[in-house]
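Architecture at a glance
These are the residues of each chain, in order.
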Amino acid sequence: MQIVKQYPIHKCGHAKHSISGTKCLQSMVGKSNSSRYIVATQDRELQDSLRNIPGVPIIYLHGKAPTLEAPSQASCKYAENVRKGLGMTEWEKETMRTLKEAAGLAENTEIKCKRKKRKKMKIAAHVKEALVTEVMKKQLEKNKIN
Ligand SMILES: [Zn+2]
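Calculation notes
Residues numbered from 1 in each chain as written. Predicted model: local features only at pLDDT ≥ 70, side-chain atom pairs only at ≥ 80, totals over all residues. UniProt positions renumbered as here; feature names shortened; annotations may be inferred. Helix = DSSP H or I, 4+ residues; strand = E, 2+ residues; numbered from the N terminus. Buried ≥ 20, exposed ≤ 12 C-beta atoms within 10 Å, placed from the backbone. Contact = placed C-beta atoms within 7 Å. Pairing = 2+ DSSP bridges. Expected span 1.5 Å × (residues − 1). Axes fitted to C-alpha atoms, helices over the stretch in contact; angles between N-to-C directions. Parallel < 35°, antiparallel > 145°, perpendicular 65-115°, else oblique. Left-handed = near helix turned anticlockwise from the far one by under 90°. Right-handed = clockwise from strand over helix to strand, strands pointing away. Core = buried A, V, L, I, M, F, W, Y, C linked by C-beta atoms within 7 Å.

If you check an unreviewed UniProt entry, the protein appears there as rRNA-processing protein UTP23 like protein from Habropoda laboriosa. Quoted verbatim from the Subcellular location (unreviewed entry) heading of the UniProt record, the comment on the protein is "Nucleus, Nucleolus".

Pasting the structure below:
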C-alpha cells in the first residue's frame, strides 16, 4: 500500500468506457512498451501475452514475495539484436575485436541477459484503485479478527 502510493498514476483513457484490466494493460504496453512499464500481475494469460513483447519486465507474487521474472525470450532476443547491430560496420567490429584481444579481454560469446533496473513504476488509475480496495478489504478483515 505504502509502496503503491509512491508511484504516479497513469491515465489510460479508459475511465469512460471501462475495459478489463488485462486489455487496459495490454493497450498501455502496446507493441514495444515505449513507456517502459513494469507490469505486476498474477494473470497467466496476461503474463504470456506480455512475454511476447520485448522489454516488459513482469513482477509476480511468489507466495508473499514480489518477484521479478527473468527477461522473456522476446526481450533477450531483442537485446541480442541491438547488441549485434549497434550501428557498427564490419571493419569497426573487427577493430574492436583486435583491440579487445590486445587488451587481454577475450570476446565473451555467452550472451547474458541483464536485468534492467528501473526506478519508477506507473500504474493505471483503475488498476491502482482495484489494488487499493483489495488492500483495504484485507485490512478490514484483519481488524475484525483482532
Ligand atoms: Zn485503462
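1. Remarks on the overall build of the protein
In terms of regular secondary structure, the protein is built from six helices and five strands. Its helices and strands taken in sequence order, the protein reads α-β-α-β-α-β-β-α-α-β-α from the N to the C terminus. Here the protein holds 146 residues, and 10% of them are scored as buried. A sequence separation of at least 24 residues applies to 46% of the contacts in the protein between residues at least 6 apart.

2. A short note on the pairing of strand 4 (residues 65–68)
Here strand 3 (residues 58–62) runs beside strand 4; their pairing, made up of four bridges, is antiparallel. Residue pairing across strands places Leu 61 opposite Pro 66, the latter belonging to strand 4.

3. Looking at helix 4 (residues 73–85)
Between its terminal C-alpha atoms helix 4 stretches 18 Å, which fits the 18 Å expected from 13 residues at 1.5 Å a residue. Of all 13 residues making up helix 4, only one are buried, and the element is barely covered by its neighbours. Two residues or fewer after helix 4 comes Leu 86, characterised by a positive phi angle close to 50°.

4. Considerations on the packing of helix 2 (residues 21–29) against helix 3 (residues 44–51)
As a packed pair, helix 2 and helix 3 sit with axes 10 Å apart at the nearest point and diverge in direction by 15°. With respect to their mutual orientation, helix 2 and helix 3 come out roughly parallel. Relative to helix 3, the crossing made by helix 2 is right-handed. Judged by residue contacts, Thr 22, Leu 25, Gln 26 and Val 29 of helix 2 engage Glu 45, Leu 46, Ser 49 and Leu 50 from helix 3.

5. Let's talk about the pairing of strand 3
Relative to strand 3, strand 2 (residues 39–40) runs parallel, the two sharing two bridges. If you follow Val 39 over to strand 3, its bridge partner there is Ile 58. Tracing the backbone out of strand 2, into helix 3 and back to the parallel element strand 3 gives a crossover that is right-handed. In sequence, strand 3 turns back onto strand 4 through a hairpin of two residues, with Gly 63 there showing a positive phi of about 65°.

6. A closer look at the nonpolar core
Grouped together as the largest cluster of nonpolar side chains are eight residues: Leu 25, Met 28, Val 29, Tyr 37, Val 39, Leu 50, Val 56 and Ile 58. It is helix 2 that contributes the most residues to this core, three residues altogether.

7. Side note on helix 5 (residues 90–102)
For helix 5, with 13 residues, the first-to-last C-alpha span of 18 Å sits near the 18 Å given by 1.5 Å per residue. In terms of burial, helix 5 is largely open, as just zero of its 13 residues are buried.

8. Examining the sheet that holds strand 2
The strands making up a sheet associate through backbone hydrogen bonding, with each pair oriented either parallel or antiparallel. Strand order in the open sheet formed by three strands is 2-3-4, with mixed pairing between adjacent strands. The sheet terminates laterally at strand 2 and strand 4, the two strands that pair on one side only.

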